[in-house]
Amino acid sequence: MVFRMADTDLTSRFFLGTAGYPSPAVLQQAIAASGSEVVTVGLKRQLAVQAPGTGSGDFYALVRASGARLLPNTAGCRSAREAVALAQMARELFGTHWIKLEVVGDEHTLQPDPFELLLAATELVREGFEVFPYCTDDLVSCQRLLDAGCRILMPWGAPIGSGQGLLNPWALRTLRERLPGVPLVVDAGIGSPADAVQAMELGFDAVLLNSAVAQAHDPVAMARAFQLGIAAGRMAFEAGVMAKQAMAVATTPVTGRPFVL
């Protein structure tokens, strides 16, 4: 089913990262298996070793050949100024105003810096970017990003690359309930398709992940597993997951008297 994200029609709710795969061929196969229409590229880390125009091994040509839309990423930036400069570079290199905005505030958890993130988002929105901010699950911080002009939010499920799943489902559920019209994408910390199913059942619009596929024994098969899980989770959300009960509830009505068919 088609849904809207940044004025763009998409059918896949699976956004896939492109770092850490065993080989370019495996990455290409994983993108195909995932069905993803949006793939991210961490510019700060990858530009140093995989600059555009390097011939047959051109990483960016490979990603473009997948047919997916490129979402450049400012991963590794530590200040608003650095992130804004990298976003401007990405727009020139790839001809897209989409940017996944990351500004790290802690080296151990790689948690976003809410203050520098807001400064960068405000400037980039002013410059005409469609900003996809990687943020925490704090409701007030998210509201401030929306006030700055962001139309999409990407709250974390857990620290990047940790595979811990959704550490605070209550906070994520609160975001979904309090921001009903805002596209929300769970980004970071997803470890297995079960985590992605949980995110989709909470009503999130999409899931972005990288390590859970790239570091799997079979990345291509895992990409397919996530594709199926995300689709199933969304379908369950739309169908309406039954409410949990504190005690047993009989599924067969009891009339108090025997009957014969």
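Everything numeric in this text was worked out from a predicted model, so none of it was measured.

Asker: I tried to follow the packing of helix 1 (residues 24-34) against helix 10 (residues 219-239) on my own but got confused; where do I start?
Answerer: A packed helix pair is summarised by two numbers, namely the angle formed by the two axes and the spacing between the axes. Running from N to C, helix 1 and helix 10 point in directions that differ by 20°, and their axes come no closer than 8 Å. Regarding the angle of helix 1 to helix 10, the classification is roughly parallel. In terms of crossing hand, the pair formed by helix 1 and helix 10 is right-handed. Residues Val26, Gln29, Ala30, Ala33 and Ser34 of helix 1 touch helix 10, and the partners they reach there are Pro219, Val220, Ala223, Arg224 and Gln227. Of the residues in the contact of helix 1 with helix 10, the class split is 6 nonpolar, 3 polar and 1 charged.

Asker: Explanation requested: the pattern of salt bridges in the structure shown.
Answerer: For side chains bearing opposite charge, pairing can occur when the charged atoms are close. Under the defined criterion, the tally for this structure stands at 11 salt bridges. A salt bridge links Glu102 to Lys100; the nearest nitrogen and oxygen atoms lie 3.0 Å apart. Overall, the relative accessible area of 4% leaves Lys100 in the buried class. Of the charged contacts in the structure, one is a salt bridge between Arg126 and Glu123, with a shortest N-O distance of 2.6 Å. With Arg126 and Glu123 both in helix 5 (residues 114-126) and 3 residues apart, the pair spans about one turn of that helix.

Asker: Looking at this structure, how should I read helix 4 (residues 80-94)?
Answerer: Given 3.6 residues per turn, any residue in an α-helix points the same way as the ones three and four places further on. Between the first and last C-alpha of helix 4 there are 21 Å, a value that for 15 residues agrees with the 21 Å anticipated at 1.5 Å per step. What helix 4 keeps buried is the set Ala80, Ala83, Val84, Leu86, Ala87, Ala90 and Phe94. Buried residues of helix 4 fall within an arc of 165° about the axis and therefore sit on the same side. In this structure, helix 4 carries Arg81 and Glu92 as exposed residues pointing more than 90 degrees from its buried face.

Asker: Is there a simple way to think about the side chain of Asn210 in this case?
Answerer: Tracing the sequence through the fold places Asn210 in the loop between strand 10 (206-209) and helix 9 (211-214). Among the polar contacts made by the side chain of Asn210, one reaches the main-chain carbonyl oxygen of Ala19 at a distance of 2.9 Å. Aside from chain neighbours lying at most four places away, what touches Asn210 is Gly17, Thr18, Ala19 and Tyr21.

Asker: Sorry, what's going on with helix 7 (residues 169-178) here?
Answerer: Taken residue by residue, helix 7 has Ala171, Leu172, Thr174, Leu175 and Arg176 as its buried positions. Residues of helix 7 that are buried make contact with helix 6 (139-147) and strand 8 (154-155).

Conventions adopted
Residues numbered from 1 in each chain as written. Predicted model: local features only at pLDDT ≥ 70, side-chain atom pairs only at ≥ 80, totals over all residues. Heavy atoms only, no water. Axes fitted to C-alpha atoms, helices over the stretch in contact; angles between N-to-C directions. Helix = DSSP H or I, 4+ residues; strand = E, 2+ residues; numbered from the N terminus. Parallel < 35°, antiparallel > 145°, perpendicular 65-115°, else oblique. Left-handed = near helix turned anticlockwise from the far one by under 90°. Contact = heavy atoms within 4.5 Å. Nonpolar A, V, L, I, M, F, W, Y, C, P; charged D, E, K, R; others polar. Salt bridge = Lys/Arg side-chain N within 4 Å of Asp/Glu carboxyl O. Buried < 20%, exposed > 50% of the residue type's maximum accessible area, 1.4 Å probe, protein only. Expected span 1.5 Å × (residues − 1). Arc of directions from axis to C-beta. Polar contact = N/O pair within 3.5 Å; in protein donor to acceptor, adjacent residues only side chain to side chain.

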